[in-house]
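Geometric and topological summary
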Amino acid sequence: MQQLYKQQSLKVFNSLSRAKETFIPIKEGYIGLYVCGPTVYSNVHLGNCRTFMSFDTIYRYLLHLGYKVRYVRNITDAGHLENDADEGEDKIAKKAKLEQIEPMEVVQKYTVDFHRTLEQFNLLPPSIEPTATGHIIEQIEIIKEIIEKGFAYVVDGSVYFDVQYFNIQNNYGKLSGRSVEDMIANTRELQGQSEKKNPQDFALWKKAEAKHIMRWPSPWGDGFPGWHIECTAMSTKYLGEQFDIHGGGMDLKFPHHECEIAQAEAKSGVSPVNYWLHANMLTLNGKKMSKSTDNNIYPNELFSGQNKLFSRPFSAAVVRFFMLQAHYTSVLDLSEEALEAAEKGYVRLLEAISSLATLEANDSISDDSELHQWKQRCYDAMNDDFNTPILIAQLFEGVKIINLLKDQKRAISPSDLELLGSTMNTFFFDVLGLFDEQQSNTKQLDQLKGLVELLIKERNKARAQRDFARSDEIRDAIIALGIQLKDTKDGTTFSLS
Ligand code: AMP
Ligand code: ZN
């Protein structure tokens with residue numbers, strides 16, 4: 001792997017300093033990257049997908065630069081209470097009750113959905129995907145240390161972080177720009193309603209009431225971890241007490257990430273993360289897409305066209321392209337016109353890239369330094385805090401050159417043609433993670449062909465024996481493979497649905 005990072009100067013917008021900074025990893029050539037994963041109590045909507053796609057593109061570029069990246073993205077499968085608060089029901093336990101299944105069945109169902117959905121958008125899997133329930137012991141150990149250091153207190157089986165005490169020596173609120181004094185001034189609480197010393201304090205461990213099903217033994221009695229402690233436990237376990245990049249959606253800055261900083265600083269005395277990166281929200285009708293307000297759309301509804309918002313389906317590659325046309329720190333609104341424009345752009349780029357193989361170089365032409373400058377401009381775009389819209393604009397400059405070559409209005413040297421092709425391909429497929437849907441569909445169909453033909457034969461046999469229950473069963477199995485059947489008088493044909 002080439003160490004391209006030695007030639008490129010990457011700058012990232014650090015939410016902590018509110019400035020663009022030159023990126024310098026703790027250990028040269030290596031990067032520790034942590035991204036908060038989903039709470040697996042429902043299907044992921046397109047807004048969630050945008051955040052994970054933003055970090056996938058960042059991960060891809062870091063890999064492309066030749067860094068060895070350890071990418072940790074967790075699964076929140078316990079401890080996330082309703083309204084992100086310290087009171088209320090666990091989101092997963094609530095869903096389990098509603099669906100009358102085990103909480104771990106809820107977790108399994110939506111973790112599988114999460115993986116399938118991200119795969120459709122061509123996201124790379126992280127290096128480690130730890131779960132909160134798999135790290136209860138680590139969370140308890142950190143809570144014990146925080147108590148020992150005086151930054152947390154125990155009340156009737158629960159443990160709370162003492163924000164005001166922490167703030168005497170440290171700065172609680174430095175990430176979100178809030179001050180504890182303002183928080184105190186703005187909170188009104190009726191005396192005696194909470195067991196916390198102060199309303200700003202947050203739970204590290206909560207006592208499980210008798211009806212709470214998700215519970216673990218601890219030094220403070222049966223209970224469950226607070227939402228924020230899991231990310232401190234899992235990030236520092238796999239990436240060390242100080243690591244390079246922590247990411248997540250903008251809405252996690254406060255309280256989640258602020259609390260993560262406080263917990264880690266209370267435990268080890270050092271700031272855990274060098275660069276905090278926050279991805280901005282996908283909106284629908286100008287409002288944040290969200291599970292709780294029902295202002296959302298699920299990827300499959302968009303791919304199938306079965307929804308009330310759009311007049312026709314849009315594919316996963318087009319949606320990925322649409323997302324990348326905005327910078328990850330900008331708000332992006334989903335609309336039919338924007339998706340249509342993205343579709344046109346995606347098709348234009350892909351057609352140009354596909355035609356590269358038909359272009360011929362001219363031996364008598366010398367190299368053009370302009371092409372090298374263009375390639376560097378592609379890098380400059382990504383070096384400038386992963387500016388994908390500028391990169392895409394540069395790729396369209398490449399399309400212009402390809403079209404001139406196609407129309408024989410320009411000639412190119414062999415090495416420049418190689419540079420043009422490799423730059424277009426590398427940025428389109430490897431860095432932006434875009435893909436040729438047509439080609440992947442053909443490949444998928446090829447892989448399934450033998451199996452589907454066998455199933456069709458079995459179905460025909462069942463039909464001939466008038467065993468319609470069996471033939472329907474086989475048809476359903478074929479449909480579940482994503483295949484649609486067409487019965488004609490000449491036999492049965494099939495295609496991807
Ligand atoms: P959750 O499962 O609710 O914890 O959310 C998973 C991730 O999706 C978090 O990083 C959120 O910040 C992110 N997220 C939630 N809603 C949106 C949205 N409308 N646009 C972009 N990211 C979002
Ligand atoms: Zn987190």
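As a convention, each chain's residues are numbered from 1 in the sequence order in which they are written. Whichever chain is written first is A, and whichever ligand is written first is 1; the rest continue in order. Whole-chain, interface and lining totals are the exception, using all residues; otherwise, since this is a predicted model, local features are given only for residues with pLDDT of at least 70 and side-chain atom pairs are given and counted only at 80 or more.

With that out of the way, let us pick up the overall build of the chain. Strands are runs of DSSP state E lasting at least two residues, helices are runs of H or I lasting at least four, and both sets are numbered from the N terminus onward. Of regular secondary structure, the chain possesses 16 helices and 15 strands. With the C-alpha coordinates aligned to their principal axes, the bounding extent of the chain is approximately 80 × 70 × 40 Å. Put simply, a residue is buried when 20 or more other C-beta atoms lie within 10 Å of its own C-beta and exposed when 12 or fewer do; between those, it is partly exposed, and each C-beta is set from the backbone. A burial count over the chain gives 39% of its 497 residues as buried. For the chain, restricting intrachain contacts to residue pairs at least 6 apart in sequence, the fraction spanning at least 24 positions comes to 71%. By definition, residues are in contact whenever their C-beta atoms, placed on the basis of the backbone, come within 7 Å of each other.

This next bit is on helix α10 (residues 316-324). With respect to burial, α10 is a largely interior element, nine of its nine residues being buried. Turning to α10, its buried residues number three or more, namely Ala316, Ala317, Val318, Val319, Arg320, Phe321, Phe322, Met323 and Leu324.

Before going further, it helps to examine the site of ligand 1. The criterion for a residue being near a molecule or strand is a backbone-placed C-beta atom within 6 Å of that molecule or strand. Lining the immediate environment of ligand 1, one finds 16 residues, of which Pro38, Gly47, Thr51, Gly249 and Met289 sit closest. At the level of secondary structure, the elements contributing two or more residues to the shell around ligand 1 comprise α1 (46-64) and β9 (243-249). Among the residues forming the shell around ligand 1, the class breakdown is six nonpolar, seven polar and three charged. Shared between two domains, the shell around ligand 1 holds at least three residues of each, these being domain 1 (4-279) and domain 2 (283-431). Note on residue classes: Ala, Val, Leu, Ile, Met, Phe, Trp, Tyr, Cys and Pro are nonpolar, Asp, Glu, Lys and Arg are charged, and everything else, Gly too, is polar. All domain edges in this entry derive from an automatic or database-based domain assignment.

What follows covers the sheet that holds strand β5 (residues 152-155). Strand pairing is defined by DSSP finding a minimum of two bridges between the two strands. Reading across the sheet, the four strands line up as β5-β6-β7-β8 and stay open at both edges, with antiparallel pairing between neighbours. At either margin of the open sheet sits one strand with a lone partner, and together these are β5 and β8 (223-225). Adjacent strand axes in the sheet meet at a mean angle of 20 degrees, parallel and antiparallel pairs treated alike. Summarising the sheet, β5 and strand β6 (residues 158-161) pair through four bridges and their orientation is antiparallel. Bridge pairing in β6 places Val154 opposite Val159. Lines fitted to the C-alpha atoms define the axes, with helices restricted to the stretch that makes contact. Angles between their N-to-C directions range from 0 to 180 degrees.

This part covers the sheet that holds strand β11 (residues 282-284). Note on sheets: strands pair through backbone hydrogen bonds, and any given pair is parallel or antiparallel. Here we have three strands laid out as an open sheet, ordered β12-β11-β13, and mixed in their pairing. Strand pairing shows two members of the sheet lacking a second neighbour, β12 (287-288) and β13 (332-334), which therefore form its edges. Bridging between β11 and β12 involves two bridges; their strand directions are antiparallel. Across the sheet, Thr283 pairs through a bridge with Lys288, a residue of β12.

On to the environment of Lys406. Within the secondary structure, Lys406 is located in helix α13 (residues 388-406). Note on Lys406: 14 C-beta atoms within 10 Å, which makes it partly exposed. Once the C-alpha coordinates of Lys406 and Leu455 are considered, the two residues, 49 residues apart in sequence, prove to be 45 Å apart. If near-sequence neighbours (up to four positions away) are discounted, Lys406 is found in contact with Ser355 and Leu359.

Cis rather than trans, the peptide bond between Phe254 and Pro255 has omega equal to 0 degrees. Along the chain, the position of Pro255 falls in helix α8 (residues 253-268). Of note in the backbone geometry, Asn122 takes a positive phi value of approximately 65 degrees without being a glycine. You can see Asn122 is positioned in the loop between α3 (103-120) and α4 (136-148).

This part is about the domain arrangement of the chain. Per the domain assignment, the segments of the chain are domain 1 (4-279), domain 2 (283-431) and domain 3 (437-496). Domain 1 and domain 3 are separated by 45 Å when their C-alpha centres are compared.

The next point concerns the nonpolar core. Side chains of nonpolar character tend, in soluble globular proteins, to be buried together. Nonpolar cores are identified as sets of buried Ala, Val, Leu, Ile, Met, Phe, Trp, Tyr and Cys residues joined via C-beta atoms within 7 Å. Residues Ile143, Ile146, Ala152, Phe161 and Leu204 are the most contacted members of the largest nonpolar core, which totals 116 residues. Taken domain by domain, the makeup of this core includes at least three residues from each of domain 1 (4-279) and domain 2 (283-431).

With that settled, the discussion passes to the packing of α4 against α8. Two elements in contact, α4 and α8, have axes whose closest approach is 8 Å; the angle formed by their N-to-C orientations is 65 degrees. If you check the angle between α4 and α8, you find them roughly perpendicular. Seen from above, α4 lies across α8 with left-handed handedness. On α8, the residues touching Ile142, Glu145 and Ile146 of α4 are Gln263, Ala266 and Lys267. Looking at side-chain class alone, the contact of α4 with α8 contains three nonpolar, one polar and two charged residues. Should an angle lie under 35 degrees it is considered roughly parallel, over 145 roughly antiparallel, and from 65 to 115 roughly perpendicular; all remaining angles are considered oblique. Rotating anticlockwise by less than a right angle from the far helix to the near helix defines a left-handed crossing, while the corresponding clockwise rotation defines a right-handed one.

In this sheet, strand β15 (residues 491-496) lies alongside strand β14 (residues 483-488) in antiparallel orientation, the contact comprising six bridges. Counted as the bridge partner of Thr488 is Gly491 from β15. Where β14 folds back onto β15 in an antiparallel hairpin, the turn is made up of two residues.

Right, let's get into the environment of Ala132. In this structure, Ala132 sits in the loop between α3 and α4. The buried category is assigned to Ala132, around which 27 C-beta atoms lie within 10 Å. Along the chain, Ala132 and Gln376 lie 244 residues apart, while their C-alpha atoms are 42 Å from each other. Aside from chain neighbours lying at most four places away, what touches Ala132 is Asn74, Thr76, Asp77, Ala78, Gly79, Pro225 and Glu230.

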